[in-house]
Every structure is written in C-alpha cells, then in structure tokens.
Amino acid sequence: MSPDHHEHTIAVPAICAGVGLHTGQRVRLSVRPAQAGAGIVFVRTDITDRDNRVPARADLVTQTRLGTVITNAAGVSVSTIEHLMAALSALGVDNAQIELDGPEVPIMDGSSLPFVQLLDQAGFRRQFLPQSFIEILKPVTVIEGDKRASLLPCDRFEMHFEIDFDSAVIGHQEVDLVVTEQSFRTELAAARTFGFIEGVEALRAAGLARGGSMDNAVVIDGDRVLNAEGLRFVDEFVRHKALDAIGDLYVLGMPLLGRFEGIRAGHGLNNAVVRELLSQPEAYRVVTRAPSLQQAG
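Residues numbered from 1 in each chain as written. Predicted model: local features only at pLDDT ≥ 70, side-chain atom pairs only at ≥ 80, totals over all residues. Heavy atoms only, no water.

(A) Expanded view of helix α6 (residues 267-278). For α6, with 12 residues, the first-to-last C-alpha span of 17 Å sits near the 16 Å given by 1.5 Å per residue. Those residues of α6 that fall on the buried side of the exposure criterion are His267, Leu269, Asn270, Asn271, Val273, Val274 and Leu277. (Helix = DSSP H or I, 4+ residues; strand = E, 2+ residues; numbered from the N terminus. Expected span 1.5 Å × (residues − 1). Buried < 20%, exposed > 50% of the residue type's maximum accessible area, 1.4 Å probe, protein only.)

If you want it as structure tokens, here you go:
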C-alpha cells in the first residue's frame, strides 16, 4: 500500500486464532475496519459487564515486562500487542478495531509476519481524512543504566537498534534502516521473539511464557539455537527488537517522522521515551502531511 497521505483502514474483516505467549490461552482475533479518526482500538469480546474497549494509547500502557500491556479505566487489559501494532504501523493502517475473546493477542509464530499476511488478506481502504504524523523537533532521550532510548529529528522514520548479550549466538548486533512498508516486509516482519531455555521455568513460575514453544520463539541454550530450522536472519535477534520498537512507538497514535535509537532497550524504555516525548510539547508537533517520505534504498 503506497502512502498517499490519507488515513487508511482495512477493506474487510480478517480473522485468525492462536495461543497467547504468556497466558497459554487460545484466542480468536478479528481485525475489523474502523471509521476515519478512530485510531487502533482493542475490544475484549469476552467481557460484557464493563467497558471492554481499550484504545492503543501511550498513556494506557500499564505493564512492559516481556511485552506491552494496555489497560482501560475499567481495568480491562490486552497484552502482547506489539507484533500486531508493528504490522499495523508499517502497513499504514491508521484505523482498526481489534476484537479478541481473551486477554492476550495470539503470538502466532513469534513475529509480525502472520499479521502482515492477515492484513494483506483483508486489503486496505483509503479514507477521507488526511493522515497526521508526529514530527520530532528536538532530541528526547531516556537512560537507565547502560540502556538508552532516543527520539531524534528526521524527515522520515528511521530505526537504529543495538543489543549486547553474553551468549555467543547473539553477541553484539545492530540494525539501522529507513522504516517503510517495503523495508519492514523484507527486513523485519519475519524476525521472531527469542528467549533462553534456562529462564523458561522461572518465567512460568511467574505466570509468564505458558504458551511459549519453539513454534513461536527462537530458543537459546547456552551458545546454540535449539530450533531445528535455525534462524531466519543471521541477526534475527536485533531485527526482532527493532520490530518490537516499531510496535511500541505506534501507541503514539500516528506515524512517526523521526529517528529512534535504542541501545539495549526493551518495551519499558520504548514506552518511557514515548511518554517523555509527550511530556515535552516543544519536542514535537503534529503535521497533517509528511514533507517527503523517502523510500529505503
């Protein structure tokens, strides 16, 4: 879908089902068209006794341990939204209603690729409203120890991410690219989430990773990858971190004109830099048309 600076939704509903990474519960998810200006809104169809609509907004992010969770004022939450949000962001879907009958977006294969395919299946529809962008006007940075996340002025959406792990399978990796629909499809969408086998029992004891398996994550044991098929990219780990960041930034509610730089960052820091940006009105402005969205070379 080529950007024409108008808002877009999907053309028809698209449905998938899968298990939640952390809850292990089977969930049915429907992406449905939404009106212009509606934004991305999750609806918990299994909850009927209170407000079950949870807009994907920065101020509603309530938890960021191993995934991004949003919660409305009635206490209704939706977790692990980032991989779907990344696909919606990169494919230029401004407005959609995401209905699900459980507390967590299904993990699918651990990447954004199944959601890209789901959206492609639905098709896209141009809407009458001009598309708005958040343009970064001055640098905003959040630092926690050796971790850092920054938003910097740029006339297009750029992503830089660096990670460092003791495991020889990962080590130091970095990725730097212009984020366009095409670059997301080819460079990031298929990158899967990952974890270390020694941490699995502790996570499950904490009520997390109950749906995790080698079907939906890259699993590392010491200095080797346990998945029989191996890696999809040599640097799949940092590419997935960049994918996560794209999803986490989309809680801004509109596409970004700026450069994100993440050094050992995760969901918590991604959300922290978004909140820091929104707390500094002089650091950004909303523009209704992008100056020039250059395609990645």
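There is more to say after this.
(B) Structural view of the packing of helix α3 (residues 181-188) against helix α5 (residues 236-249). Where α3 meets α5, the axes come as close as 10 Å, and the angle between the chain directions of the two elements is 140°. α3 and α5 meet at a crossing whose hand is left-handed. For the pair formed by α3 and α5, the contact residues are Phe184, Glu187 and Leu188 on the first element and Arg239, Ala242, Leu243 and Ile246 on the second. (Axes fitted to C-alpha atoms, helices over the stretch in contact; angles between N-to-C directions. Left-handed = near helix turned anticlockwise from the far one by under 90°. Contact = heavy atoms within 4.5 Å.)

(C) Representation of the pattern of salt bridges within the structure. On inspection of all chains with the given rule, the structure shows 21 salt bridges. For Glu282, the salt bridge goes to Lys138, with nearest N and O atoms at 3.3 Å. Highlighted residues: Glu282 in the loop between α6 and β20 (284-287) and Lys138 in the loop between β11 (133-136) and β12 (140-144), separated in sequence by 144 residues. Residue class for Glu282 comes out partly exposed when judged on its relative accessible area of 47%. Overall, Lys138 belongs to the partly exposed group, its relative accessible area being 31%. (Salt bridge = Lys/Arg side-chain N within 4 Å of Asp/Glu carboxyl O.)

(D) Here's a closer look at the pairing of strand β14 (residues 157-164). In terms of residue burial, β14 counts as a mostly covered element, since 7 of its 8 residues are buried. In this structure, β14 lies alongside strand β19 (residues 256-263), joined through 6 bridges in parallel fashion. Across the sheet, Glu158 pairs through a bridge with Arg259, a residue of β19. In the sheet, β14 pairs with strand β15 (residues 172-178) via 7 bridges, with the strands oriented antiparallel. Bridge pairing in β15 links Phe161 to Val175. (Pairing = 2+ DSSP bridges.)

(E) Seen up close, the sheet that holds strand β2 (residues 14-19). The 5 strands are arranged β2-β3-β9-β4-β5 in an open sheet whose pairing can be described as mixed. Single-partner strands in this sheet number two, and they are β2 and β5 (53-55). Adjacent strand axes in the sheet meet at a mean angle of 25°, parallel and antiparallel pairs treated alike. Here helix α1 (residues 82-90) sits on the sheet in contact with β3 (26-33), β4 (40-44) and β9 (96-100), set at roughly 145° to β4.

(F) Summary view of the packing of aromatic side chains. Summed over the entire model, instances satisfying the criterion amount to 4 aromatic pairs. Centroid distance Phe165 to Phe196: 5.9 Å. Interplanar angle 35°. Geometry classified as tilted. Linking Phe165 in the loop between β14 and β15 with Phe196 in strand β16 (residues 194-196), this pair joins segments that are 31 residues apart in sequence. Residue classification places Phe165 among the partly exposed positions, given a relative accessible area of 28%. Exposure remark for Phe196: the relative accessible area of 23% places this residue in the partly exposed category. A centroid spacing of 5.0 Å and a plane angle of 85° characterise the contact between Phe194 and Phe237, whose relative ring orientation is edge-to-face. Within this pair, whereas Phe194 is found in strand β16, its partner Phe237 is found in helix α5, the two being separated by 43 residues in sequence. Phe194 gets classed as buried once you look at its relative accessible area, which sits at 17%. Judged by relative accessible area, which is 1%, Phe237 ranks as buried. Taken together, the aromatic side chains of Phe165, Phe194, Phe196 and Phe237 make up a single cluster linked through ring pairs. (Phe/Tyr/Trp six-rings, centres within 6.5 Å; stacked < 30°, edge-to-face > 60°.)

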